[in-house]
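Each chain, written out:
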Amino acid sequence: MKLELRGITKRFGSLVANENVSLLVQPGEIHCLLGENGAGKSTLMNVLYGLYHADAGEILLDDKVVNFAGPGDAMAAGIGMVHQHFMLIPVFTVAENVILGHEPTKFGGVLDMAAARVKVREISDQFGFDLDPDAIVGDLPVGVQQRVEIVKALISNAQILIFDEPTAVLTPQETDELMAIMKALRERGTAIVFITHKLREVKEVADKITVLRLGKVVGEASPQESANELASMMVGRAVDLEIVKEPAKLGDASFVVSGLSALSHNGTKVLDDVSFEIHKGEILVIAGVQGNGQTELTEAILGLQYKATGSIKLNGEELLGKRVKQVLDMGVGFVPEDRTEDGLVADFTIAENLMLDRADRKPFVSGLNLRLAYLREFATKLVQQYDVRTQSIETKAGKLSGGNQQKVVLARELSRELKLFVASQPTRGLDVGSIEFVHEQIVKTRNSGLPVLIVATELDEAVQLGDRIAVMYRGKIVGIVPSTTPRQVLGQMMAGISA
Ligand SMILES: Nc1ncnc2c1ncn2[C@@H]1O[C@H](COP(=O)(O)OP(=O)(O)OP(=O)(O)O)[C@@H](O)[C@H]1O
Ligand SMILES: [Mg+2]
């Protein structure tokens, strides 16, 4: 089915998120939608999917104008969407999630579980998904959850599929698998809109590219265009895709983890005798396939692994056994893996989020009063500095685009007085311009003489950002190597082979 958007305009109050946007996607085409954080990509797709109503413009399917009152209508018309933030219900099974939101009549008037389970198996087999219809969604790795979303779209015979940043949360291997799925769908004549910030992916699968900036189409590009060219089209200026950093000037090893172990709730070892140290002025990257203990390691540092044993010392002081608030107060900056879940309070304003853990002290309070003027100035400065795209610091954080939410968390954590900076996938979901900026900030933090710990799943980022790389596999560190180590060796280490 051919998809055409004509002159779509969507406003939120006085903010114009989409302005006169037109887009044409042919059947059997993978159409990449590029643009910086807040450019209006998700908004446009939400209009197409019936989640938002456009203020102007029209949607045409095979040259016929359609009007969607909600996602139900869009689905019925053959449009499926895999969202940037999953819309699955974790306590439900795969089959239950797949049925959810579909017209009940599709399955014979009642929610026909039996039919749904058969369908899930069928589609799963077709694409080699290996999905168990009865598995509880919350227990599945992210990459598999995403397949549930894909099955959910395909079960109603979607002819048009929207993927909103599907790879932001995937491991490199899961990403490759998703690319293969998209190509298979293209073969079947599905029209695909694919949103991503990763130019390598664009170059691999795109048939056509449309670039949005500040809500408007700035142009089409061909996949043959160089990554640098695409990057500058997106952000409107030249971007350094490589990190430039001077050699590390190492101070003392001020952050020392030794013999750290922890068990998961079902008794498996999630951290197994982990030891490493980070010097002042050094970036240590923890690399590895997601799910090999990286999350538990950062949790242990922050005080969230209550039963961890061993020792975590910052400037000689033990962190293990302290509460989160105490750890933060000791000068640990922390960017969590899941910003919407742990990094932000969606219902608080941007300004409130920027001082979240400091609201009880100077300079934010004086006596019993919150110093509103100071807070406003502080928030305004950070929003400018980090280029958070928002109309106001009073906007609720939950209304920001994905990448801009991440920038708020980074701004808050890097603006505190720090002794250690820890970040889990700090550039996940960011556009190329913002990645450049965040990398600069991290290098600056390191140059200021702080120990920095970064969890990265992308080898590119690990190699560029790290002074040294520690590879984790099944809760253990299999080796700590210089960042000049050949990728092939790093790859082997990530598969569990010691250096
Ligand atoms: N429900 C909403 N209410 C108010 N403003 C919104 C809402 N949804 C989006 N916006 C604003 O519209 C603009 C476009 O946001 P959108 O989420 O479409 O960006 P995006 O291109 O998907 O960015 P990202 O790459 O960060 O995901 C942003 O300024 C955002 O703050
Ligand atoms: Mg988005």
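Because the structure is predicted, anything quoted here is derived from the model rather than measured.

**Digging into the overall build of the protein chain**
In step 1: From N to C terminus, the protein chain includes 17 helices and 22 strands.
In step 2: A compact globule built from 499 residues would reach a C-alpha radius of gyration of about 23 Å, and the protein chain, at 23 Å, matches this within 12%.
In step 3: Taking the principal axes of its C-alpha atoms as reference, the protein chain extends roughly 70 × 50 × 45 Å.
In step 4: Taking all 499 residues of the protein chain together, 44% fall into the buried category.
In step 5: Once local pairs closer than 6 in sequence are excluded, the contacts in the protein chain between residues at least 24 apart make up 67%.

**Some words on helix α15 (residues 432-447)**
In step 1: The end-to-end C-alpha separation of α15 is 22 Å, in line with the 22 Å expected for 16 residues at 1.5 Å each.
In step 2: Next to the buried residues of α15 lie α8 (227-235), β13 (283-287), α14 (402-414), β19 (420-424), β20 (452-455) and α16 (459-465).
In step 3: One or two residues past the end of α15 sits G449, with phi positive at roughly 100°.

**Let's talk about the site of ligand 1**
In step 1: Taken together, 21 residues lie near ligand 1, and N37, S42, T43, S401 and G403 sit nearest.
In step 2: Of all the elements in the fold, those that place two or more residues in the shell around ligand 1 are β2 (15-25), α1 (41-48) and α14.
In step 3: A class-by-class count of the residues in the shell around ligand 1 yields 5 nonpolar, 12 polar and 4 charged.
In step 4: Counting contributing residues, the shell around ligand 1 receives three or more from each of domain 1 (3-235) and domain 2 (253-494).

**Overview of the domain arrangement of the protein chain**
In step 1: Taken domain by domain, the protein chain consists of domain 1 (3-235) and domain 2 (253-494).
In step 2: The gap between the C-alpha centroids of domain 1 and domain 2 is 30 Å.
In step 3: In this assembly, 16 residues from domain 1 lie in contact with 19 residues from domain 2.
In step 4: Class assignment for the residues of the side of domain 1 that touches domain 2 results in 7 nonpolar, 7 polar and 2 charged.

**A look at the sheet that holds strand β8 (residues 191-195)**
Strand pairing in a sheet is mediated by backbone hydrogen bonds. Such pairs are either parallel or antiparallel.
In step 1: Sheet architecture is open: 6 strands sit in the order β6-β7-β8-β3-β9-β10, paired in mixed fashion. Two strands in the sheet have a free side with no partner beyond their single neighbour: β6 (79-82) and β10 (216-221). Within the sheet, the average angular offset between the axes of one strand and its neighbour, ignoring direction, is 20°.
In step 2: Pairing geometry for strand β9 (residues 208-213) and β10, over 5 bridges, is antiparallel. Paired with T210 across the bridge in β10 is E220.

**Comments concerning the nonpolar core**
In step 1: Residues V285, I454 and V471 are the most contacted members of the largest nonpolar core, which totals 134 residues.
In step 2: Formed jointly, this core draws a minimum of three residues from each of two domains, domain 1 (3-235) and domain 2 (253-494).

**Notes on the confidence of the model for the protein chain**
In step 1: Per-residue confidence for the protein chain averages 90 on the pLDDT scale, and 95% of its residues sit at or above 70.
In step 2: Strand β4 (residues 56-61) holds the highest mean pLDDT among the elements of the protein chain, 98, whereas strand β17 (residues 365-366) holds the lowest, 64.

**Here we look at the sheet that holds β19**
In step 1: Strand order in this open sheet of 6 strands is β16-β19-β20-β13-β21-β22, and the pairing throughout is mixed. Edge positions in the sheet fall to β16 (332-335) and β22 (476-482), since each has one partner strand and no second. Adjacent strand axes in the sheet meet at a mean angle of 15°, parallel and antiparallel pairs treated alike.
In step 2: Taken together, the 4 bridges between β13 and β20 define a ladder with parallel strand orientation. Counted as the bridge partner of V285 is I454 from β20.
In step 3: Across the sheet, helix α17 (residues 487-494) touches β13, β21 (468-473) and β22, and the angle it forms with β21 is around 30°.

**Focus: the environment of I350**
In step 1: Turning to its location among the elements, I350 is positioned in helix α12 (residues 350-354).
In step 2: On the basis of neighbour count, I350 is assigned to the buried category, with 27 C-beta atoms found within 10 Å.
In step 3: Residues I350 and V388, 38 residues apart in the sequence, show an inter-C-alpha distance of 9.6 Å.
In step 4: If sequence neighbours within four positions are ignored, I350 has contacts with A379, V383, V388, T390, I393, T395, A397 and V408.

**What about the pairing of β4?**
In step 1: Sheet analysis places strand β1 (residues 3-12) next to β4, joined by 5 bridges and oriented antiparallel. From the neighbouring strand, E4 faces β4, where its bridge partner is L60.
In step 2: Pairing of β4 with strand β5 (residues 64-66), which is carried by 3 bridges, proceeds in the antiparallel orientation. Pairing of L60 across the sheet is with V65, part of β5.
In step 3: Between β4 and β5, which pair antiparallel one after the other, the connecting turn spans 2 residues, and D62 there sits at a positive phi close to 45°.

**Describing α8**
In step 1: Among the residues of α8, those classed as buried are L230, A231, M234 and V235. For α8, the angular spread of buried residues about the axis comes to 115°, placing them on one side.
In step 2: Where α8 is buried, its residues contact β3 (30-35), α7 (199-205), β9, β10 and α15.
In step 3: Immediately downstream of α8, the backbone of G236 shows phi near 80°, a positive value.

Rules and cut-offs
- Residues numbered from 1 in each chain as written.
- Chains lettered and ligands numbered in written order.
- Predicted model: local features only at pLDDT ≥ 70, side-chain atom pairs only at ≥ 80, totals over all residues.
- Helix = DSSP H or I, 4+ residues; strand = E, 2+ residues; numbered from the N terminus.
- Rg over C-alpha atoms; globule rule 2.2 N^0.38 Å.
- Buried ≥ 20, exposed ≤ 12 C-beta atoms within 10 Å, placed from the backbone.
- Contact = placed C-beta atoms within 7 Å.
- Expected span 1.5 Å × (residues − 1).
- Near = placed C-beta within 6 Å.
- Nonpolar A, V, L, I, M, F, W, Y, C, P; charged D, E, K, R; others polar.
- Domains from an automatic or database assignment.
- Pairing = 2+ DSSP bridges.
- Axes fitted to C-alpha atoms, helices over the stretch in contact; angles between N-to-C directions.
- Core = buried A, V, L, I, M, F, W, Y, C linked by C-beta atoms within 7 Å.
- pLDDT = per-residue confidence, 0-100.
- Arc of directions from axis to C-beta.

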